[in-house]
Amino acid sequence: MMKIDRMQAFSDGVYAILITILVLDFRVPNYQNGYLLGALLKQWPTMFAYLVSFLYIGTVWLFHHDFFQTLKYTNIGLNVINLVMLFSVTLIDYPTALVANTLISGVTTDMRVAFVYYDIIALFISLTFAWLYTYVRKHPELTTMRNNQKHFYAAIKFDPVRSVSIYGLAIVATFFSIWVGAFLLLTGIVYHFVAYLRLSYSMRRALKDIKLEK
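Since the model is a prediction, treat every value here as computed from it, not as a measurement.

Rules of the game
Residues numbered from 1 in each chain as written. Predicted model: local features only at pLDDT ≥ 70, side-chain atom pairs only at ≥ 80, totals over all residues. Heavy atoms only, no water. Helix = DSSP H or I, 4+ residues; strand = E, 2+ residues; numbered from the N terminus. Buried < 20%, exposed > 50% of the residue type's maximum accessible area, 1.4 Å probe, protein only. pLDDT = per-residue confidence, 0-100. Axes fitted to C-alpha atoms, helices over the stretch in contact; angles between N-to-C directions. Parallel < 35°, antiparallel > 145°, perpendicular 65-115°, else oblique. Left-handed = near helix turned anticlockwise from the far one by under 90°. Contact = heavy atoms within 4.5 Å. Nonpolar A, V, L, I, M, F, W, Y, C, P; charged D, E, K, R; others polar. Polar contact = N/O pair within 3.5 Å; in protein donor to acceptor, adjacent residues only side chain to side chain. 1 Å grid on protein atoms, 1.4 Å probe; cavity = no way out; pocket = protein on both sides within 12 Å on 5 of 7 lines; lining within 4 Å. Points joined across faces, edges and corners; volume = space filled by probe spheres on them. Core = buried A, V, L, I, M, F, W, Y, C linked by side-chain atoms within 4.5 Å. Patch = residues over 30% accessible without salt bridge, like charges linked within 9 Å, V, L, I, M, F, W, Y side chains within 5 Å. Areas by Shrake-Rupley, 256 points an atom, 1.4 Å probe, with all protein chains shown as cover. Salt bridge = Lys/Arg side-chain N within 4 Å of Asp/Glu carboxyl O. Phe/Tyr/Trp six-rings, centres within 6.5 Å; stacked < 30°, edge-to-face > 60°.

Assignment of secondary structure puts Arg205 in helix H9 (residues 178-213). Accessibility expressed as a relative area gives 51% for Arg205, which makes it exposed. Arg205 sits 155 residues away from Tyr50 along the chain, and the two C-alpha atoms are 34 Å apart.

Turning our eyes to something else, we now look at the confidence of the model for the chain. For the chain, the average pLDDT comes to 86, and 91% of its residues sit at 70 or higher. Of all the helices and strands in the chain, helix H7 (residues 149-154) carries the lowest mean pLDDT, 67, while helix H4 (residues 76-90) carries the highest, 94.

Okay, the packing of helix H3 (residues 44-69) against H4 next. Their axes nearest at 12 Å, the elements H3 and H4 cross at an angle of 170 degrees. In terms of orientation, H3 and H4 fall into the roughly antiparallel class. Every pair of crossing elements has a handedness; the one defined by H3 and H4 is left-handed. Seen from H3, the contacting residues are Ile57, Val60, His64 and Phe68; seen from H4, they are Leu78, Asn82, Met85 and Val89. The residue makeup of the contact of H3 with H4, split by class, is six nonpolar, two polar and no charged.

Once that is clear, we can look at the environment of Thr70. For Thr70, the location among the structural elements is in the loop between H3 and strand E2 (73-74). What makes Thr70 buried here is its relative accessible area of 2%. Placed 74 residues apart in sequence, Thr70 and Thr144 show a C-alpha to C-alpha distance of 5.7 Å. At 2.5 Å, the side chain of Thr70 and the backbone oxygen of Phe67 are in polar contact.

According to the stated counting rule, one finds two cavities of 30 Å³ or more in the structure shown. Quantified by volume, the largest cavity comes out at close to 80 Å³. Val60, Phe63, Ser126, Phe129, Tyr133, Asp159, Pro160, Ser163, His192 and Ala195 are the residues that line the largest cavity. Its volume calculated, the second largest cavity comes out at about 30 Å³. Considering the residues around the second largest cavity, the lining is formed by Leu22, Asp25, Thr46, Ala49, Tyr50, Thr96 and Ala100. Per-element accounting of the lining of the second largest cavity gives the leading share, three residues, to H3. Classifying every residue of the lining of the second largest cavity gives four nonpolar, two polar and one charged.

One finds Tyr56, Phe67, Leu78, Leu132 and Tyr133 to be the most contacted residues of the largest nonpolar core, which totals 52 residues. It is helix H6 (residues 108-138) that contributes the most residues to this core, 14 residues altogether.

So, about a nonpolar patch on the surface. Taken together, Ile17, Ile21, Val23, Leu24, Phe26, Met47 and Leu51 make up a surface patch of nonpolar side chains, about 590 Å² in accessible area. Looking at the nonpolar patch, the elements that each hand over two or more residues are helix H1 (5-22) and H3. Along the chain, the position of Ile17 falls in helix H1. In this structure Ile17 comes out as exposed when scored by relative accessible area, which is 53%.

Here the structure, examined in full by the defined rule, presents ten aromatic pairs. With centroids separated by 6.3 Å and ring planes inclined at 40 degrees, the aromatic side chains of Phe193 and Tyr196 adopt a geometry described as tilted. Of this pair, Phe193 and Tyr196 both sit in helix H9, separated by three residues, roughly a single helical turn. The exposure class assigned to Tyr196 is buried, which follows from its relative accessible area of 11%. Put simply, the rings of Phe63, Phe129, Phe193 and Tyr196 pair up and form one aromatic cluster.

With that out of the way, let us pick up the pattern of salt bridges. One pass over the full model with this rule turns up two salt bridges. With a closest N to O distance of 3.0 Å, Arg162 and Asp159 form a salt bridge. You can see Arg162 and its partner Asp159 sitting in helix H8 (residues 159-174), three residues apart, about one turn around the helix. Arg198 is paired through a salt bridge with Asp159; the nearest N and O atoms lie 2.7 Å apart. With Arg198 in helix H9 and Asp159 in helix H8, the pair connects residues that are 39 residues apart, well separated along the chain. Looking at Arg198, the relative accessible area reads 26%, which means it is partly exposed. If you follow the salt bridges from partner to partner, you end up with Asp159, Arg162 and Arg198 in one network.

This is the structure:
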């Protein structure tokens, strides 16, 4: 087993770079003198896609940061899971650009493909968190709350599964209605934040119990 510090530092760096890359999709639009406002307003899909992905990645980072605060050690298995998780998150930039571009073009078929692509990546990210939760639950020696794991996971263990279900529904719904699918995608992202609040509460409660035991 190894200390967790280097993994956390590396992971934080990846998230910081990813969020920075998102903003590179912004370009100064072509416009005639005196018509800049109209040209900027036509770029609303780029801003919309950026804000959604920023909030999504920010929430995933909060999850990652807080969850790894409960760990004291890492091992080869956890390192591999973390790399796969980081890989899944780095994929989000491409579907973000696809969604923005297809919303600007307004072509229904292309929009459907872009939203389904985004849903698939989001589903993949949720699966990696489900994998992480399962692995750490089976390896309590890696955590700072060995005797409190049962209570800690009681409230959060199904959150990744629920996220996978929401994104799965979004994929199916998008084939029938792009806007229903988009609503479910946004619902999944909002649910991530709600789940993060539950994780944070469960973590604080577990750590408080540990202090009382001491």
